Amino acid sequence: MLGADVPIVLLQHGGLDNLSGKTGLAMLRYRQGPIVAVVDPSHSGADLKQLTGIDRAVPVVGSLAEALPFAPEVAVVGLAPSGGRLPEGMGADVAASLAAGLSLASGLHSRLGDDPALVALVRPGRWIWDLRREPPNLTVASGRAAGLPGRRVLAVGTDMSVGKMSACLELQAAARRRGLDARFVGTGQAGILISGGGVALDAVRIDYAAGAVEGAVLAAAADAGPDTLVLIEGQGSLCHPGSSATLPLIRGSQPTDLVLVHRAGQRTVQRLGAFPLPPLGQLIAAVEALAALGRPGGSGWPPSPSTPPCWTGRRRQRRWRRRRRQRGCPASIRSGRGARPCWTCCRAKKEARRRSAGPEGRARGLEPPNGGATSHCLNHLATPAAVFANVSSEPAGPPLPPPTTATRTVSGLLGLTAVSAGLIGLAVTNPGPAAFEEFAADKLTELASEELCQNEGLPLLARLLIQNCPELVRSQRKVLGRLARDNSRRYNFGLLSLYGTRLGGEKVLPNWSIPRYDAVTLAVAGHFVLLTAGESAPGSPMP
């Protein structure tokens, strides 16, 4: 409804320097069409780039009257205040915009088009667009999006407001720079205003929510080809106790790929500190398991690649640097800066997989765009799960293996009907005890480093005496690996192995003992996946 070439003025009253103005800030960053002025009495005359960091030459004025000489045609409410009501102090400029002959677009929960006083000000040929309205003629979802050609990439998040929309828009921009057909489906007010259409998911009754998403995806994918990339903006989070948006997005879009967006270092739901975030690998497994349900036959996940995932992070973060080196994929993705290294790396991996897959694999494959995201790519879009994190720091929860998730691996093996060559290939890549010892050494070293060096696990005197805590922990890596191997039992099934481990409080470092816990680890296709880990129950048999 909001054309890409229509000049707009943003009503941003008091929202240029805080999250209440995230809708307008997102439009300033991502809208391709003209934004001729920003109205913010609190920052009148300010330099937009200096104030927001957004490199866009737009004047900041103090009132709607001051913006009219710049010839806007539509006034857009750029605020997303708590409760979704029209903020005090903005009402006069909203009325002034309509009286001056402008149209009005709003993503507030309070519908401005239902206000008789405002409706009376609308000039002929102009309109009030309350985008948070349920679309007409909705139906229950039926999985029709699964039959679309191309790829459908859905962003999901570990929390609210972590950059799901921004990740999709950065990927779209990067794909288009590659000459790919990339389309964006907005599901929130900012995404809809930026793209000009979509569905406001939080305005739809729950029974029809998946159907509304399905309709928006089908509309966006009209005339799509096999190389089309449809990026669906995520909403909410499965980790948030008050959110229910993720499941209808999964059901309606029938994604071929998932992007998990995470604020690195965040360990609990924002403003709800009693709700911890799970380890990223565990959450990926849960989301993929949900996405594997409710799908038509024959529309399962694409084959899992044999290449390692792509990790990124700031250079000053030692842990991220080490993991990038291990996986051979340097990259740095931040909002507005692109993601050339990550996409270049991932594209090369995808091309290698396509070449080895034969004609059928090449026909199904996607050439990943040289893209950007608000954050850091931990996996790539050749697989069902990709991960982004918009602040460089540590991932949530205790460290886990790279996200070749147990859910997809185990379910694939249980239903295995592959030809004998495939079975032999799996058996050959079934990791043995020596490889398990290396895997366990890495996990226990990371655990010890986190508890002792990062969480001030050592007493003050020890911290004063020990000059290099990480080096002390690393020096015990082999000891930790042997300890795990000696306390594990391997169950070899030929195609895969399961390792049952029980550790019982052995003291291996000053002031630190191995936690008392049981763990079960899956070994398959050259990888290890931690399936379960928890405190040992007294008297229970070894796993």
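Residues numbered from 1 in each chain as written. Predicted model: local features only at pLDDT ≥ 70, side-chain atom pairs only at ≥ 80, totals over all residues. Heavy atoms only, no water.

(A) Fine view of the overall build of the protein chain. Scanning the protein chain from terminus to terminus reveals 18 helices and 19 strands. Among the 543 residues that make up the protein chain, the fraction classed as buried is 52%. Sequence separation of at least 24 residues holds for 70% of the intrachain contacts in the protein chain that already meet a minimum separation of 6. On the protein chain, roughly 23600 Å² of surface is accessible, and the fraction owed to carbon and sulfur atoms is 54%. (Helix = DSSP H or I, 4+ residues; strand = E, 2+ residues; numbered from the N terminus. Buried < 20%, exposed > 50% of the residue type's maximum accessible area, 1.4 Å probe, protein only. Contact = heavy atoms within 4.5 Å. Areas by Shrake-Rupley, 256 points an atom, 1.4 Å probe, with all protein chains shown as cover.)

(B) Layout of the confidence of the model for the protein chain. The predicted model of the protein chain averages 76 in pLDDT, with 69% of residues at 70 or higher. Mean pLDDT per element in the protein chain: helix 13 (residues 406-414) is the minimum at 37, and strand 2 (residues 35-39) is the maximum at 97. Confidence drops under a pLDDT of 50 for residues 323-386, and excluding neighbours within four residues, the segment shows 198 contacts in the predicted structure. pLDDT under 50 marks residues 388-426. Its contacts with residues more than four places away, or in other chains, come to 111 contacts. (pLDDT = per-residue confidence, 0-100.)

(C) Molecular detail of the side chain of R56. When you line up the elements, R56 lands in the loop between helix 2 (48-52) and strand 3 (60-61). It is D55 that comes nearest to the buried, bridge-free R56 among opposite-charge side chains, at 9.4 Å. Here M27 takes part through its backbone oxygen, which lies 3.5 Å from a polar atom of the side chain of R56. A distance of 2.6 Å separates the side chain of R56 from the backbone oxygen of G33, its partner in a polar contact. Look past the residues within four positions of R56 in its chain and what remains in contact with it is M27, L28, R31, Q32, G33, P34, I35 and L48. (Lys, Arg positive; Asp, Glu negative; His and termini not counted. Salt bridge = Lys/Arg side-chain N within 4 Å of Asp/Glu carboxyl O. Polar contact = N/O pair within 3.5 Å; in protein donor to acceptor, adjacent residues only side chain to side chain.)

(D) Summary view of the packing of helix 9 (residues 246-253) against helix 10 (residues 280-291). Packing of helix 9 against helix 10 leaves a shortest axis separation of 10 Å and a crossing angle of 45°. Comparing their axes, helix 10 and helix 9 come out oblique. In terms of crossing hand, the pair formed by helix 9 and helix 10 is right-handed. In this structure, helix 9 uses L247, I250 and R251 to contact helix 10, whose residues at the interface are V287, L290 and A291. For the contact of helix 9 with helix 10, the per-class residue count stands at five nonpolar, no polar and one charged. (Axes fitted to C-alpha atoms, helices over the stretch in contact; angles between N-to-C directions. Parallel < 35°, antiparallel > 145°, perpendicular 65-115°, else oblique. Left-handed = near helix turned anticlockwise from the far one by under 90°. Nonpolar A, V, L, I, M, F, W, Y, C, P; charged D, E, K, R; others polar.)

(E) The packing of aromatic side chains, seen in detail. Applying the stated criterion across every chain, the model contains five aromatic pairs. Seen from their ring centres, F436 and Y499 are 4.2 Å apart, and the 0° between their planes marks the pair as stacked. Residue F436 is located in helix 15 (residues 433-454), and its partner Y499 is located in strand 15 (residues 497-503); the two are separated by 63 residues in the primary sequence. Just as F436 is buried, Y499 falls in that class too. (Phe/Tyr/Trp six-rings, centres within 6.5 Å; stacked < 30°, edge-to-face > 60°.)

(F) A look at helix 6 (residues 164-177). Between the first and last C-alpha of helix 6 there are 20 Å, a value that for 14 residues agrees with the 20 Å anticipated at 1.5 Å per step. Among the 14 residues that make up helix 6, eleven are buried, leaving the element largely enclosed by the rest of the structure. Among all positions in helix 6, only K164, M165, S166, A167, C168, L169, E170, L171, Q172, A174 and A175 are buried. (Expected span 1.5 Å × (residues − 1).)

(G) Structural context of the environment of A26. With respect to the helices, strands and loops of the structure, A26 is situated in helix 1 (residues 22-30). Not counting residues within four places of it along the chain, the set of residues in contact with A26 comprises R31, M165, A190 and I194.

(H) Representation of the nonpolar core within the structure. In this structure, L2, I8, L10, M27, L28, V76 and L193 are the most contacted members of the largest nonpolar core, which totals 42 residues. If one sorts the elements of this core by residue count, helix 6 sits on top with six residues. Listed in part, the 32 residues of the second largest apolar core include A145, L154, A212 and V213. (Core = buried A, V, L, I, M, F, W, Y, C linked by side-chain atoms within 4.5 Å.)

(I) Here's a closer look at helix 9. Burial analysis of helix 9 places six of its eight residues in the buried class, which makes it a mostly covered element. Residues of helix 9 that are buried in the fold lie against strand 7 (151-157), helix 8 (206-220), strand 9 (229-232) and helix 10. Taken from the residues just after helix 9, Q254 is the one with a positive phi, measuring 45°.

(J) Broad picture of the pattern of salt bridges. Here the structure, examined in full by the defined rule, presents 13 salt bridges. Salt-bridge contacts for R205 lead to E134; the nearest nitrogen and oxygen are separated by 2.8 Å. A residue pair is termed long-range when its members are at least 10 positions apart, and R205 in the loop between helix 7 (189-195) and helix 8 and E134 in the loop between strand 6 (128-130) and strand 7 qualify at 71 residues. A residue is classified by how much of its surface remains accessible, and R205, at 51% relative accessible area, is exposed. Among the charged side chains, a salt-bridge network with shared partners connects D114, D130 and R133.

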